[in-house]
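Residue-level structure breakdown
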Amino acid sequence: MHYFIRRWFSKMAQVNNSTLFLSSIAVIIIFSGAIVLIEPETFPTYFEGLWWVMTTVTTVGYGDYSPATTEGQIVAILLYLFGIGLIGVAIGKILEVFSSYRKKRLEGDIVFSGKNHIIIIGWSKKAKFAVEEIMETEKGVEVVIIDDLKEAPMLNEHIYYIRGDASKDDVLVKANVKKAKSVIVFARESSFGNTTADGETLLTVSTIESLAPDVHTIAEIMDEAHIRNFKHASIDEFIISNETISTLAVRSAFRKGVSHLYSQLLSRGTGDDLFHIPTKSKWKTYEDAFQDLLDEGATLIADGSDLTINRKLKQPMPDNPELYAICDEDTFRRIVGKGARSYDEDDN
């Protein structure tokens, strides 16, 4: 008997998931109906029959309902033999699916199907800080990390990991690069020097360009002299890693405390921040916008990359200005109202 039961369980475990789940539902429905028909006094409604079947097959067994007749007890015995085993295998399959999915997420063996996400390529301390800043800047935004680490460096409900070489088409396709909001490529820390690191970055951004030319791409470059090699790739923005750090260090040396000013503008953690301000119809000149924002407690500093606003206040604004102001979060929300976008939030 033990041999036959073991063989039956073994065969059930090999049944495909859809058949198994449909069979489980069928068993629940059939036995719930059968016990109501056979013992209407004990089980006057279908819900009582369903309650008894569910507590039985899940082995909870509250004991508030139990068959009183021989026929009902025979139904119970059949449910013990077939139902409990079937539902047990089904529950095991469900747990197996969840366990397998978690393992795949941890190992980066997934396909991301979301959109308007941010892709981070190349894991490092800089990438870690970038992910934390993204999470702080926009709650709920999804981030996909691409690297060749054996396990995900970070994981939560909004952070995903895909293992592989980001210069390969299939890896970027898994990250759904075509539907991404933006891609940030961090230079790999290479023992072969800046030339090798920038060469790998060039290969990666070229692949991104071929697959998703409209996606906003930001690339970290180790050596400014290598930028000319990227001219054929339509990269939206470059970050000169070594130059940025060196410049900040020198300015801090000549003017004590200036690094704190940069930190405020670069991070959401403390102090004021840089925000994109949608244009109001009543603003005809830069002076209109400047004064209006100043009255609210914000300082207008730029139109796009143009920082000469204070020298052309009397000039009329163009049709589609990209205005940026410095203020705190509360002031920003008060100015633009609910649902407004900061400088790093795109149109959905």
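Every chain's residues receive numbers from 1 upward, in the order its sequence appears when written. Selection of residues for local features in this predicted model requires a pLDDT of at least 70, selection of side-chain atom pairs for listing and counting requires 80 or more, and totals for whole chains, interfaces and linings are taken over all residues. Values shown for side chains rest on all heavy atoms present in the structure; no hydrogens or waters enter the calculation.

This paragraph deals with the pairing of strand β3 (residues 159-163). Look at any regular strand and the pattern is simple: side chains alternate between the two faces of the sheet. Of all 5 residues in β3, 4 are buried; the element is thus mostly enclosed. With 5 bridges connecting them, strand β2 (residues 143-147) and β3 associate as parallel partners. Bridging across to β3, Val143 finds its partner in Ile159. Categorising residues by exposure relies on relative accessible area from a 1.4 Å probe, with only protein chains included: less than 20% of the type maximum marks a residue as buried, more than 50% marks it as exposed, and the intermediate range marks it as partly exposed. Runs of E in the DSSP output that reach at least two residues are strands. Runs of H or I that reach at least four are helices, and both are numbered from the N terminus. Note: two strands are recorded as paired if DSSP finds a minimum of 2 bridges between them.

Moving on: the environment of Lys150. Looking at where Lys150 falls in the secondary structure, it is placed in the loop between β2 and β3. What makes Lys150 exposed here is its relative accessible area of 66%. When the C-alpha positions of Lys150 and Gly164 are compared, they lie 9.6 Å apart, and in sequence the two are 14 residues distant. The contact criterion used throughout is that any non-hydrogen atoms of two residues lie within 4.5 Å. Among all residues touching Lys150, those that are not within four sequence positions of it are Leu106, Glu107, Tyr161 and Arg163.

To continue, consider the pattern of salt bridges. By salt bridge we mean one thing: a side-chain nitrogen of Lys or Arg within 4 Å of a carboxyl oxygen of Asp or Glu. All told, the structure shown has 9 salt bridges when counted by the stated rule. In this structure, Lys312 and Asp306 form a salt bridge, with 2.3 Å as the shortest nitrogen-oxygen distance. For Lys312, a relative accessible area of 19% translates into the label buried. Here Arg333 and Glu329 are joined by a salt bridge, their closest N and O atoms 3.1 Å apart. Remark: Glu329 and Arg333 occur in helix α11 (residues 329-336); sequence separation between them is 4 residues, near one turn of the helix.

We now examine the sheet that holds strand β8 (residues 299-303). On the basis of which strands lie adjacent, the open sheet formed by 3 strands has the order β7-β9-β8 and antiparallel pairing. Each edge of the sheet is formed by a strand with only one pairing partner; in this case those strands are β7 (273-277) and β8. For this sheet, the mean angle separating the axes of adjacent strands, direction not counted, is 35°. Throughout, an axis means a line fitted to C-alpha atoms (over the contacting stretch in the case of helices), and angles, computed between N-to-C directions, take values from 0 to 180 degrees. Contacting β7 and β9 (323-327), α11 runs over the sheet at an angle of about 10° to β7.

Turning next to the packing of helix α3 (residues 46-57) against helix α4 (residues 70-107). When two helices pack together, their arrangement is captured by the angle between the axes and the distance separating the axes. Remark: α3 packs on α4, axes separated minimally by 9 Å, with the N-to-C direction vectors making an angle of 60°. Judged by the inter-axis angle, α3 sits oblique to α4. Crossing of α3 over α4 shows right-handed handedness. Facing α3, whose interface residues are Trp52, Val53, Thr56 and Val57, α4 presents Ala76, Leu79, Tyr80, Gly83, Ile84 and Ile87. For this classification, the nonpolar set comprises Ala, Val, Leu, Ile, Met, Phe, Trp, Tyr, Cys and Pro, the charged set comprises Asp, Glu, Lys and Arg, and every other residue, Gly included, is treated as polar. The residue makeup of the contact of α3 with α4, split by class, is 8 nonpolar, 2 polar and no charged. Throughout, the term roughly parallel applies to angles under 35 degrees, roughly antiparallel to angles over 145, roughly perpendicular to angles from 65 to 115, and oblique to all others. The sense of a crossing depends on the near helix, which, turned anticlockwise from the far helix by less than a right angle, makes the crossing left-handed and, turned clockwise, makes it right-handed.

Patch building starts from residues that exceed 30% relative accessible area and form no salt bridge, then joins like charges within 9 Å and nonpolar side chains (Val, Leu, Ile, Met, Phe, Trp, Tyr) within 5 Å. Each accessible area is a Shrake-Rupley result for a 1.4 Å probe, and residues are judged covered by the shown protein chains and nothing else. A contiguous nonpolar surface patch, about 570 Å² in accessible area, is contributed by Ile74, Ile77, Leu78, Tyr80, Leu81 and Phe82. Tracing the chain through its elements places Leu78 in helix α4. Looking at Leu78, the relative accessible area reads 36%, which means it is partly exposed.

This part covers the confidence of the model for the protein. Within a predicted model, pLDDT stands for the predictor's per-residue confidence, ranging from 0 to 100. Mean pLDDT over the protein: 80, with 80% of residues reaching 70 or higher. Contacts for the low-pLDDT stretch residues 338-348, under 50 throughout, to residues beyond four places or in other chains number 22 contacts.

Further remarks concern the environment of Gly108. As for its position among the elements, Gly108 is in the loop between α4 and β1 (118-121). For Gly108, a relative accessible area of 3% translates into the label buried. Filtering out sequence-adjacent residues up to four positions away, Gly108 remains in contact with Tyr161, Ile162 and Arg163.

Centres within 6.5 Å make a pair out of two Phe, Tyr or Trp rings, where for Trp the six-membered ring is used; the pair is then stacked when the planes are under 30 degrees apart, edge-to-face when over 60, and tilted otherwise. In the structure shown here, the tally under the stated rule is 3 aromatic pairs. Judged by centre distance (5.6 Å) and plane angle (50°), the ring pair of Phe43 and Trp52 falls under tilted. Accessibility expressed as a relative area gives 0% for Phe43, which makes it buried. The buried category is assigned to Trp52, whose relative accessible area is 4%.

Strand order in this open sheet of 6 strands is β3-β2-β1-β4-β5-β6, and the pairing throughout is parallel. Two strands bound the open sheet, and with one partner strand each, they are β3 and β6 (237-240). Across the sheet, the mean angle from the axis of one strand to that of its neighbour is 20°, orientation sign disregarded. As paired strands, strand β4 (residues 182-185) and strand β5 (residues 216-221) are joined by 4 bridges and run parallel to one another. Looking at the pairing, Ile184 lines up with Ile218 of β5. Contacts from helix α7 (residues 194-211) reach β1, β4 and β5, with the element oriented near 175° to β5.

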